[in-house]
Amino acid sequence: YHKNDNKNLEIFNQFLTKNIPLVLIDKYIENMPISYVVPDNYNGARELCNYAIEAGHDRIGFFSVTDFSGVCSLRERYMGYAMSMNDHGKEVNLDDVLIGDRRKDFYCEGMKNDGDYLRHAVKKLYKSGTTAIICQNDWVAVELYSVCEELGISVPDDMCIMGFDNMDELNNMHGGDKIITVEQDFYEIGVRAGETILKEIRGEEKGIRDVVPVKLITRDY
């Protein structure tokens, strides 16, 4: 489970040149013949956006505190969101997309920390007419829920907050039961990773690309 796509590339290359079996989980390295087992990030985000559009939301934002440059999973989630918008005849409004370092463009004089930024960003999105936000994961979604609560923006009545992972802790966190999310089958990913490494060890197959389906998790309000 590596940090990002670009870190430790030389170490991965040593595994390849020394013919050491290696399987990556959650993320993969583009243009390197390394086996991986990953969730279907693209279709997961696409389903989230489909859900929001079918629920009547017109302006849908995308929020990530992490930059996409070194994380293929986030790039795929964004592409799934963008494709859903396109499928429904909607254009992605870049003012509704806040990603990594681009957030700095939205900092204002007097902001002292990320909390100040989040309040400013959510307020700006809401005032512009954005009524649904897809977040990079559940942790960020819960943060945005707390900010909405602080600003008097009702979730889900005024703002639909969506995450990714359906982590075990979500329903025990304040506001977690209000988050629409996508469930990754972590157990199945582990099983398939184990099967894949055994195939590598036995020399049966290399460069395996395994994408595990995800499941949309909605809420009964």
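Here, every reference points to the structure presented above.
Read on for an overview of the structure.

Analysis parameters
- Residues numbered from 1 in each chain as written.
- Predicted model: local features only at pLDDT ≥ 70, side-chain atom pairs only at ≥ 80, totals over all residues.
- Heavy atoms only, no water.
- Helix = DSSP H or I, 4+ residues; strand = E, 2+ residues; numbered from the N terminus.
- Buried < 20%, exposed > 50% of the residue type's maximum accessible area, 1.4 Å probe, protein only.
- Polar contact = N/O pair within 3.5 Å; in protein donor to acceptor, adjacent residues only side chain to side chain.
- Salt bridge = Lys/Arg side-chain N within 4 Å of Asp/Glu carboxyl O.
- Disulfide = S-S within 2.5 Å.
- Pairing = 2+ DSSP bridges.
- Axes fitted to C-alpha atoms, helices over the stretch in contact; angles between N-to-C directions.
- Contact = heavy atoms within 4.5 Å.

Our next topic: the environment of Asp 185. Position of Asp 185 relative to the elements: it lies in the loop between strand S7 (181-183) and helix H6 (186-202). Judged by its relative accessible area of 36%, Asp 185 falls in the partly exposed class. Among the polar contacts made by the side chain of Asp 185, one reaches the main-chain amide nitrogen of Glu 188 at a distance of 3.0 Å.

The next thing to look at is the pattern of salt bridges. Enumeration according to the criterion identifies 10 salt bridges in this entry. A salt bridge links Arg 75 to Glu 30; its shortest N-O distance comes to 3.4 Å. You can see Arg 75 sitting in helix H3 (residues 72-87) and its partner Glu 30 sitting in the loop between strand S1 (23-25) and strand S2 (35-39), a full 45 residues away along the chain. The salt bridge involving Arg 77 is made with Asp 165; its shortest N-O contact spans 4.0 Å. On the criterion of sequence distance, the pair formed by Arg 77 in helix H3 and Asp 165 in the loop between strand S6 (160-162) and S7 is long-range, its members being 88 residues apart. Residues joined by salt bridges that share partners form a network here, namely Glu 188, Arg 192 and Asp 210.

As a further point, take the state of the cysteines. A complete count under the given rule lists zero disulfides for this structure. Not part of a disulfide, Cys 49 finds its nearest cysteine sulfur in Cys 160, a span of 10 Å. Of the residues examined, Cys 49 reaches a relative accessible area of 0% and is grouped as buried. The cysteine Cys 135 is free of any disulfide, with Cys 148 supplying the nearest cysteine sulfur at 8.9 Å.

Looking now at the sheet that holds strand S4 (residues 97-99). Strand order in the open sheet formed by four strands is S4-S3-S5-S6, and the pairing between neighbours is parallel. Sheet topology places S4 and S6 at the edges, where each strand pairs with a single neighbour. The average undirected angle you get between the axes of adjacent strands in this sheet is 15°. Bridge count between strand S3 (residues 60-64) and strand S5 (residues 132-135): four bridges; the pairing is parallel. Directly across from Phe 62, in S5, lies its bridge partner Ile 134. Along the sheet, helix H2 (residues 41-54) makes contact with S3, S5 and S6, crossing S5 at roughly 170°.

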